[in-house]
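Structure assessment
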Amino acid sequence: MFTRVLRRLFPAPTPPTLPSLEAYQRWAAAYPPHAHNALMQAEQAAMEQLLLPLAGKVVLDLACGTGRHGLLARDAGAQTVIGVDNSAAMLRQNPLLLIALATTEAIPLSGESVDVVLCGLALGHLPQLKPSLVEISRVLKPGGYALISDFHPFIFLNGQRRTFTAPDGMTFAVEHYAHLYADYHAGAQAADLSVEQVLEPRLGEDKTVRFAGETVPGTPVVITYRLRKR
C-alpha cells in the first residue's frame, strides 16, 4: 500500500517520445530478431496461435524490422518470405534474403501476390490504419489472410508506453497511437477484409509480463487479429 501511495505522489518521469523512424534508428543495433522481452513473448505466442500452416506459402513480413516474424515463417516451411520495413537501420540487421525499404502504406509488391501477411507491433506507430489495411488487402490473394498485432489500447490508455533503452543508456518511448477494436474493424471492412479471430493476452496470464505503476492484473497487454481477404 505504501509503495502505491509513493507512486501516486512521486510518479516516475515519463521518458521522451521519439518518432518511430528515429526510435528504430537508435534501437536497431541492439534489436535482436527474436522476442526479447515479456511483452513480445506474449505477442508472439498469440500470433503463433492464430497462424495457419505455411507450407508452400508466399509470406510478407510487413514492418519486419530485424526479421523476427519472417524467420519464424521461414522455419515453419513458407516457400518464400519477403521482408518490408521503412527503417534502413533495422533492415541492415535483417538476415532475410528478400527485403525492401518501404512503408506499410506503399508496399512494393504486385496485387494479389502473397498468401499471408504478418505485421507485428507496427501499425500502432501510425495515426491512421486504413491506408495500411488497404495495402495489405491489395497484395493478398483472395482467401489469403493477415496476422496483425498491436500494443493493446487499454494498456496504452492506462498510461503505459512502449519504451527502449538506447546504447547510450537513455530510455525513450516510441511514437504510438491507440487503435481500438472498432478502428481495426472499420478499417478492415473498408479494405475488403473480415475479422476472423482476435486474441488479447492479459497481464497476469504470464507471470513474467510486468508493468510498473497501477496497471491492474487482467488488463490486456497486446491485441492480435487474423483478417481474411474476401
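Residues numbered from 1 in each chain as written. Predicted model: local features only at pLDDT ≥ 70, side-chain atom pairs only at ≥ 80, totals over all residues. Heavy atoms only, no water.

1. Description of helix α3 (residues 38-50)
- Helix length check: α3, at 13 residues, gives a terminal C-alpha distance of 19 Å against a target of 18 Å (1.5 Å per residue), a fit within 8%.
- What α3 keeps buried is the set A38, L39, M40, A42, E43, Q44, A46, M47 and L50.
- The inward-facing, buried residues of α3 abut α4 (68-75), β5 (114-119), β6 (140-151), β9 (193-199) and β10 (222-229).
- N-cap assignment for α3: the residue whose side-chain oxygen lies 3.3 Å from the backbone N of L39 is N37. (Helix = DSSP H or I, 4+ residues; strand = E, 2+ residues; numbered from the N terminus. Expected span 1.5 Å × (residues − 1). Buried < 20%, exposed > 50% of the residue type's maximum accessible area, 1.4 Å probe, protein only. Contact = heavy atoms within 4.5 Å. Polar contact = N/O pair within 3.5 Å; in protein donor to acceptor, adjacent residues only side chain to side chain.)

2. With respect to the pairing of β10
- Burial runs high along β10: 7 of the 8 residues are buried.
- Of the strand pairs in this sheet, β6 and β10 are connected by 7 bridges, and their pairing is antiparallel. Bridge pairing in β10 places I148 opposite Y225.
- Sheet topology places β9 next to β10; 6 bridges connect them, and they run antiparallel. Bridged to L199 within β10 is T224. (Pairing = 2+ DSSP bridges.)

3. So, the environment of A122
- Looking at the secondary structure, you find A122 in the loop between β5 and α6 (130-139).
- Here the alpha-carbon distance between A122 and G65, two residues 57 residues apart in the chain, equals 9.4 Å.
- If near-sequence neighbours (up to four positions away) are discounted, A122 is found in contact with A63 and S149.

4. A few points about the pattern of salt bridges
- Here the structure, examined in full by the defined rule, presents 8 salt bridges.
- With a shortest N-O distance of 3.3 Å, D115 and K141 are connected by a salt bridge. In this pair, D115 sits in strand β5 while K141 sits in strand β6, placing the two residues 26 residues apart along the sequence.
- Residue D115 is classed as buried on the basis of its relative accessible area, which comes to 14%.
- In this structure, R226 engages E196 in a salt bridge whose closest nitrogen and oxygen atoms are separated by 2.6 Å. Remark: E196 occurs in strand β9 and R226 occurs in strand β10; sequence separation between them is 30 residues.
- Taking the relative accessible area as the measure of exposure, R226 reaches 9% and is therefore buried. (Salt bridge = Lys/Arg side-chain N within 4 Å of Asp/Glu carboxyl O.)

5. As for the side chain of D61
- Positionally, D61 belongs in strand β2 (residues 58-62).
- Among buried charged residues, D61 stands out as having no salt bridge; its nearest opposite-charge side chain is R68, 7.8 Å away.
- A polar atom in the side chain of D61 sits 2.7 Å from the backbone nitrogen of G70.
- Residues in contact with D61, not counting those within four places in the same chain, are G67, R68, H69, G70, I82, G83, V84, L96 and L118. (Lys, Arg positive; Asp, Glu negative; His and termini not counted.)

6. Some remarks on the packing of aromatic side chains
- All chains considered together, the criterion is met by 7 aromatic pairs.
- Residues Y181 and Y225 carry aromatic rings whose centres are separated by 6.1 Å and whose planes lie at 25° to one another, so their mutual orientation is stacked. Taken together, the residues span a long stretch of sequence, with Y181 in helix α8 (residues 181-190) and Y225 in strand β10 at a distance of 44 residues.
- A residue is classified by how much of its surface remains accessible, and Y225, at 0% relative accessible area, is buried.
- Both rings, one in Y184 and one in Y225, keep their centres 4.3 Å apart while their planes meet at 25°; by these two values the pair is stacked. (Phe/Tyr/Trp six-rings, centres within 6.5 Å; stacked < 30°, edge-to-face > 60°.)

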